[in-house]
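Here are the chains, one letter per residue:
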Amino acid sequence: MKYLGIKPKRPKIAVFDFTGCEGCELQLVNKEETVIDFLGSVDVINFREISSTISNDFEVAFIEGAITRDDEINRLNEIREQAKVLIALGSCACFGGVNRLKNAYDFKKANQEVYGKQHKETLPARAVKEIIAVDLQIPGCPVDKPEVERIVQHLVWDVPYQFPAYPVCFECKQQYTTCVFELGQLCLGPVTQGGCRAPCPVGGSGCWGCRGPAADPHLKEFLQIADEREFSRKEINERLSFYSGFEGML
Ligand code: SF4
Ligand code: SF4
Ligand code: SF4
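Residues numbered from 1 in each chain as written. Chains lettered and ligands numbered in written order. Predicted model: local features only at pLDDT ≥ 70, side-chain atom pairs only at ≥ 80, totals over all residues.

Novice: Can you walk me through the site of ligand 2 in this structure?
Specialist: By nearness alone, 15 residues border ligand 2, and Cys-169, Cys-172, Cys-179, Cys-187 and Gly-189 come closest of all. Here the shell around ligand 2 takes four residues from helix α7 (residues 168-174), the largest share from any one element. Its residues assigned to classes, the shell around ligand 2 shows eleven nonpolar, three polar and one charged. (Near = placed C-beta within 6 Å. Helix = DSSP H or I, 4+ residues; strand = E, 2+ residues; numbered from the N terminus. Nonpolar A, V, L, I, M, F, W, Y, C, P; charged D, E, K, R; others polar.)

Following this line, the structure appears as C-alpha cells:
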C-alpha cells in the first residue's frame, strides 16, 4: 500500500483478550473483502485468535474485555508498559460492558449458586481506563469493522481520528427508517454515539446504547420524551445500564 508514492510504516500490533466474548477480536479478522488489506497495513505480532506468533515487541495494543480478576490487572499493567498506543476495543473494554451487570449481585451468593464448592475469584467488573491510561476507545458490541479499519489507517498515517459527534438517530434517519418509538418501542438512538450505521433500529429493534453516550447526549430531554411515551423509569434505566456506557450519568 502506498499513498502519494510513500510507503507507510506498518505498526506492530498485538491484540489481548480479557473478560469478554472475543467477538470484537473476531471483528478484526472479519469482512473478507477488506481483511487482506487491513492485515497488510499492520504487522500482527501477537494475536492468539489468528496467529501462533507470540512476541512482546509491539507498539499498538488492542485490549478486548473488561477487567474482573487480580491477575488481569498485573497483565494489563505489563501491556501498558510496553505499548506506545493502547486501545480499548469494544464496550467491555471501554465501559465494562455487559460484564458490569454482575456488579449489582452478591458475588458470594452467586458463586455458591453457580459453582458450589468450586468457588471462583472475581472482582467487580471494570473498564480498562479505570485501571490504566487508555489512548483511544473504540466502543461497540461488537466494534464496527469499517470504523476499526478507518482508525487503524489514521494510526498508520499518524492522523488523529474524530469519532462522530452525532447520535445514532442521524444515521438511522439517513436510511429512511420508521422510528421504532412510533411502533411503541424504546430506543436509545437519540443519546447514543453514532458511527455504527444504526443496524438495530434499521432492523426493527431499538438501540441498546452499546456505543455509549453521544458527545452531548441531552439525557434530560430524552427522559422527558420516554416518560411522555409512558416507558417506565425501570425499563429506561435497565436499557441505559445494559452496556454500562451511561454509568455515572444516571
Ligand atoms: S464488547 Fe461485546 S462483542 Fe466485544 S468482547 Fe464484549 S461482549 Fe464480546
Ligand atoms: S428508531 Fe431510534 S435511532 Fe431511529 S430515529 Fe427513532 S429514536 Fe432515533
Ligand atoms: S444501534 Fe445502538 S445497540 Fe445497535 S449497534 Fe448501534 S449503538 Fe449499538
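Novice: Before we go on, may I ask you to explain the domain arrangement of the protein in this structure?
Specialist: How big an interface is tends to be reported as the loss of accessible area on association of its parts. As assigned here, the protein comprises domain 1 (12-156) and domain 2 (168-241). Contact with domain 1, which involves eight residues of that partner, is made by six residues of domain 2. Broken down by element, the side of domain 1 that touches domain 2 gets its largest block of residues, three residues, from helix α4 (residues 91-95). A breakdown of the residues in the side of domain 1 that touches domain 2 according to their chemical character gives four nonpolar, two polar and two charged. (Domains from an automatic or database assignment. Contact = placed C-beta atoms within 7 Å.)

Novice: Would you take a moment to explain the pairing of strand β3 (residues 60-64) for this structure?
Specialist: Two faces, one strand: in a regular strand the side chains alternate between the faces of the sheet. The buried fraction of β3 amounts to five of the five residues, a majority that puts the element mostly inside the structure. Side-chain alternation along β3 places Val-60, Phe-62 and Glu-64 on one buried face and Ala-61 and Ile-63 on a second face that is also buried. As defined by bridge partners, β3 adjoins strand β4 (residues 85-89) across five bridges and the pair is classed as parallel. The residue bridging Ala-61 from the neighbouring strand is Leu-86, located in β4. (Buried ≥ 20, exposed ≤ 12 C-beta atoms within 10 Å, placed from the backbone. Pairing = 2+ DSSP bridges.)

Novice: Explain the pairing of β4 here, please?
Specialist: Counting buried residues along β4, four of its five residues qualify, which places the element largely inside the surrounding structure. Read from β3 through helix α3 (residues 70-82) to β4, the crossover connection turns out right-handed. Here three bridges tie β4 to strand β5 (residues 136-138), and the two strands are oriented parallel to one another. Residue pairing for β5: Ile-87 is matched across the bridge by Leu-136. (Right-handed = clockwise from strand over helix to strand, strands pointing away.)

Novice: Honestly, the site of ligand 1 in this entry has me stumped. Any pointers?
Specialist: Looking at ligand 1, there are 13 residues lining it, with Gly-20, Gly-23, Gly-90, Cys-92 and Cys-141 nearest. Secondary-structure elements contributing two or more residues to the shell around ligand 1 are α1 (23-28) and α4. Partitioned by chemical class, the residues of the shell around ligand 1 number six nonpolar, six polar and one charged.

Novice: Just to check I follow, could you spell out the nonpolar core for this structure?
Specialist: Soluble, globular proteins show a tendency: their nonpolar side chains are buried together. In terms of nonpolar packing, the biggest core is built from 53 residues, with Ala-61, Ile-63, Ile-87, Ala-88, Leu-89 and Ala-93 touching the most fellow members. Among the secondary structure elements, those contributing two or more residues to this core are β1 (12-17), α1, β3, β4, α4, α6 (145-156) and α7. Taken domain by domain, this core gets at least three of its residues from each of domain 1 (12-156) and domain 2 (168-241). When sequence neighbours within four positions are dropped, the list of residues in contact with Leu-89 reads Cys-24, Phe-62, Ile-63, Glu-64, Ile-138 and Val-143. (Core = buried A, V, L, I, M, F, W, Y, C linked by C-beta atoms within 7 Å.)

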